[in-house]
Amino acid sequence: QVQLVESGGGLVQPGGSLNLSCATTGFTFSLYAMNWHRQAPGKERELLATISNNGDSTVYAPSVKGRFTISRDNLKNTLYLRMTKLESDDTAVYYCHVDTQHNYWGQGTQVTVSS
């Protein structure tokens, strides 16, 4: 079955950086666009970034454009999110997501930005 497993979250100081990964199994990774989302306490889930199936095209939410970079390795079936210049408002649970004929989500990884 389809599985998405995020990793790399943690506690980071404001202005710091963090790299997230999403390891996937159970579907042909190279055929599908992939997404990163986040959800902060008391807020709706927010789409942050999308990458095309071959990695040639990316789209970012205004809140993270210029600070976050989405990428993928189709040989490793893994999605990445490089986060820089982190702010307290970036504190949230971060999820990877794929829409095949169904929507699949990982379990999420907590990112906390605090001094």
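Everything numeric in this text was worked out from a predicted model, so none of it was measured. (Residues numbered from 1 in each chain as written. Predicted model: local features only at pLDDT ≥ 70, side-chain atom pairs only at ≥ 80, totals over all residues. Heavy atoms only, no water.)

(A) Representation of the pairing of strand S1 (residues 3-7) within the structure. Burial of S1 is one-sided: the residues Leu4 and Glu6 facing one way are buried, the residues Gln3, Val5 and Ser7 facing the other way are not. Across five bridges, S1 lies against strand S3 (residues 18-25) in antiparallel orientation. For Val5, the partnering residue across the bridge sits in S3 and is Ala23. (Buried < 20%, exposed > 50% of the residue type's maximum accessible area, 1.4 Å probe, protein only. Helix = DSSP H or I, 4+ residues; strand = E, 2+ residues; numbered from the N terminus. Pairing = 2+ DSSP bridges.)

(B) Quick peek at the nonpolar core. In terms of nonpolar packing, the biggest core is built from 29 residues, with Leu79, Leu81, Met83 and Tyr94 touching the most fellow members. Here this core takes four residues from strand S9 (residues 92-99), the largest share from any one element. The contact partners of Leu81, leaving out residues within four places of it in the chain, are Leu18, Asn19, Leu20, Trp36, Leu48, Phe68, Thr69, Ile70 and Tyr94. (Core = buried A, V, L, I, M, F, W, Y, C linked by side-chain atoms within 4.5 Å. Contact = heavy atoms within 4.5 Å.)

(C) Representation of the side chain of Thr24 within the structure. Along the chain, Thr24 turns up in strand S3. With relative accessibility at 5%, the residue Thr24 sits in the buried group. At 2.8 Å, the side chain of Thr24 forms a polar contact with the backbone oxygen of Asn77. Here Thr24 is in contact with Gln3, Leu4, Phe29, Met34 and Asn77, once residues within four sequence places are set aside. (Polar contact = N/O pair within 3.5 Å; in protein donor to acceptor, adjacent residues only side chain to side chain.)

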